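Each chain, letter by letter, is given below.
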Amino acid sequence: MTQVTERGTPLPAAPRAAARRRRSPAAAACVLGGAVAAGLGLGFLAVLVIVLWISSPYPDSGPGGALHLAAGLWLLAHGTELVRYETLSGVPAPVGVTPLLLVALPALLMRRAARLGSASGDGRDGGDGGDGDEVLPASAVFSAVTCGYLCVGSLATVYAAAGPMPADPLSAALHVPLVAVLAAAGGVWAAKGRPVGPLPHWVPAAVRRAAARPRYPVALRAGAAGALVLLGGGALLVGASLAWHAAEVQASFLALTGVWSGRFAVLLLALALLPNAVVWGAAYALGPGFALGAGATATPLGFAGSPALPRFPLLAALPPEGPGTLLTCASAGVPLLAGLAVGWFAVRRAREVSYKETALTAALGALVCGLLLAGLAAASSGPLGSRGLASFGPVWWTTGAAAFAWTLLLAVPVAVSVHSWRTRPARQAEALALDAEDEWHDSGVRELRWEALRRAAGALIPDLPREPPRESPQEPPPAEAPAGPVAAAPKPRRRLTVVTGLHLDLTPTDLTPTDLTPTGLTPIPIPAKPAGAPPRPLVPPVAGARVVVRRKPPA
């Protein structure tokens, strides 16, 4: 035992300890990467708020209040509701309308951290990858990056609680992990090459078999195309409304503040809320519209209610109050185009796809489009206060139902029509080929072709001697049929029409210009063949061919 100890023989637990020591730096780097991603988002918003606070001529609080507000804005970018206690009525008012452009900041930073954590150590980050570091699996990278991000998020929630607009703890516990998980999963998936393989084994077998069918990727593509068309139409409506109410928008922008720092802050807020306005425009074109608090709703059929809205450039571009006009009802063309897009992209290129499969794919695409619009409507809306302002923006379930109904109404017939049009040339070609095949195999034509081939082949196919017909013996008179069921008579053989006496001479002959020229026309000069040139045979000579004589099977 002493010699073994002195020689330093490694114990069995040493490799496992060394493996743990090798893994710990990679896992710690991933945790640190997630914390750095959260810190970069907090730092960006903190610098922006501090700059605006310094440039403001009348700051309400010191730098501590500005930093607390930056932490609250960072939580708001994840969808967390903030609570405003300083109100005229003294009742705390929630602020839950999340600027969708602000959500891109934490999502992109978290996705980048997950990609870097997945790519470290495998040679993709510029290193040689041969220093002995073990690459972490995707699940370990995902867990480590998310853990680091959520640690900073919990600290930010505690820090924002002492500010002017603290975050709701329950809302923060729900939305911050949701954004972190989705962004980290997207980053790890992108780092692994965006694989689209079978589902894990813990998923039920029926679900795995159903997901492997090609209709689901096509339906996802069709639904995404319809959602993009709806968002594009919403952006067009918002731009047209801003241009139509340009004077009101400019007046509201200039009336909010007179200093450049305040106007810059209002401009940044309006830009951050532009994606929300695009989703609201899509909901407006679909029909349900959006709520503006105090029971007011804006739809293409009219603007009902009289909400007390603050001065803001985007709110100044709302449609006028009262019943709708032909111009507002013309926005129904946006969902029509979305239905056409879903139907067009739901058609697969394969010709063997049935009409039922195409219609089902189009219906699934309409469902995907409805779900996407419902999620975007839920993310772009929220409360701006209590009581009358508790609902501000489009209602998610009505928007999703309207998107599904509009696209389903047009996608299914359009998809079936496009599929029928794309497969039309194939059906005609198949019909023509079937007719030609029937003519080719018609009775009597095959015998003519065989006779012509035998005469052209010459000695390759010898003539078989015909045997004289055998005289059949006299058959006894038929016996009386026994009583009972009568057996079915055998079917007669198919008779073939053989044309006899037809002479097919396929040997080439020398033709004169007179033979090739119709009567009354000038003969066409044909170059003469050289003297002594043998005629070109139709069948080339064969040396060493073995002729197999057909034998008639014995009777």
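Values in this document were obtained by computation on a predicted structure and should not be read as measured data.

A. Up close: the sheet that holds strand β6 (residues 322–323). Taken in spatial order, the 5 strands make up an open sheet running β6-β5-β4-β3-β7, and their pairing is antiparallel. Two strands lie at the open edges of the sheet, namely β6 and β7 (392–393), each paired on one side alone. As judged from the 3 bridges shared by strand β4 (residues 297–299) and strand β5 (residues 302–304), these two strands associate in the antiparallel manner. Within the sheet, the bridge partner assigned to Thr299 lies in β5 and is Gly302. In the packing of helix α11 (residues 274–286) onto the sheet, the strands contacted are β3 (290–292), β4 and β7, and the crossing angle to β3 comes to about 115°.

B. Main features of the confidence of the model for the protein. In this model, the protein carries a mean pLDDT of 79, and residues with pLDDT of at least 70 account for 70%. Low pLDDT, under 50, characterises residues 1–11; the stretch is placed with 1 contact to residues that sit more than four places away or in other chains.

C. Representation of the packing of helix α9 (residues 246–256) against helix α10 (residues 260–272). With their axes 9 Å apart at the nearest point, α9 and α10 run at an angle of 130° to one another. The angle between α9 and α10 falls in the class oblique. Within the contact between the two elements, α9 uses Phe253, Leu254 and Leu256 and α10 uses Arg263, Val266 and Leu267. When its residues are assigned to classes, the contact of α9 with α10 shows 5 nonpolar, no polar and 1 charged.

D. Representation of the environment of Trp344 within the structure. For Trp344, the location among the structural elements is in helix α13 (residues 333–345). Separated by 18 residues in the primary sequence, Trp344 and Ala362 place their C-alpha atoms 8.7 Å from one another. The residues touching Trp344, leaving out its near neighbours within four places in the chain, are Val414, Val418 and Arg422.

E. Broad picture of the packing of helix α8 (residues 215–244) against helix α14 (residues 355–380). At a minimum axis separation of 7 Å, α8 and α14 run at an interaxial angle of 50°. Taken together, the axis directions place α8 and α14 in an arrangement best described as oblique. α14 is crossed by α8, and the crossing has right-handed handedness. Of the residues in α14, those touching α8 at Arg215, Tyr216, Val218, Ala219, Leu220, Ala222, Gly223, Ala224, Gly226, Ala227, Leu230 and Leu231 are Glu357, Leu360, Thr361, Leu364, Gly365, Val368, Cys369, Leu372, Leu373 and Leu376. Its residues assigned to classes, the contact of α8 with α14 comprises 16 nonpolar, 4 polar and 2 charged.

F. Expanded view of the pattern of salt bridges. The full count for this structure, using the stated rule, is 2 salt bridges. Residue Glu357 is joined to Arg348 by a salt bridge in which the shortest nitrogen-to-oxygen separation is 3.6 Å. One continuous salt-bridge network, built from bridges that share partners, spans Arg215, Arg348 and Glu357.

G. Looking closely at the side chain of Ser381. Its location among the elements puts Ser381 in the loop between α14 and β7. Take Ser381: its relative accessible area is 14%, and that puts it in the buried class. A polar atom in the side chain of Ser381 sits 2.8 Å from the backbone oxygen of Ala377. Separated by 3.4 Å, the side chain of Ser381 and the backbone oxygen of Pro394 make a polar contact. Aside from chain neighbours lying at most four places away, what touches Ser381 is Gly96, Val97, Phe392, Gly393 and Pro394.

H. Molecular detail of the state of the cysteines. Evaluated as defined, the whole model comprises 0 disulfides. A disulfide-free cysteine, Cys147 has its sulfur positioned 4.3 Å from the sulfur of Cys151, the nearest such atom. Under the relative-accessibility criterion, Cys147 is labelled partly exposed at 41%.

Conventions adopted
Residues numbered from 1 in each chain as written. Predicted model: local features only at pLDDT ≥ 70, side-chain atom pairs only at ≥ 80, totals over all residues. Heavy atoms only, no water. Pairing = 2+ DSSP bridges. Helix = DSSP H or I, 4+ residues; strand = E, 2+ residues; numbered from the N terminus. Contact = heavy atoms within 4.5 Å. Axes fitted to C-alpha atoms, helices over the stretch in contact; angles between N-to-C directions. pLDDT = per-residue confidence, 0-100. Parallel < 35°, antiparallel > 145°, perpendicular 65-115°, else oblique. Nonpolar A, V, L, I, M, F, W, Y, C, P; charged D, E, K, R; others polar. Left-handed = near helix turned anticlockwise from the far one by under 90°. Salt bridge = Lys/Arg side-chain N within 4 Å of Asp/Glu carboxyl O. Buried < 20%, exposed > 50% of the residue type's maximum accessible area, 1.4 Å probe, protein only. Polar contact = N/O pair within 3.5 Å; in protein donor to acceptor, adjacent residues only side chain to side chain. Disulfide = S-S within 2.5 Å.

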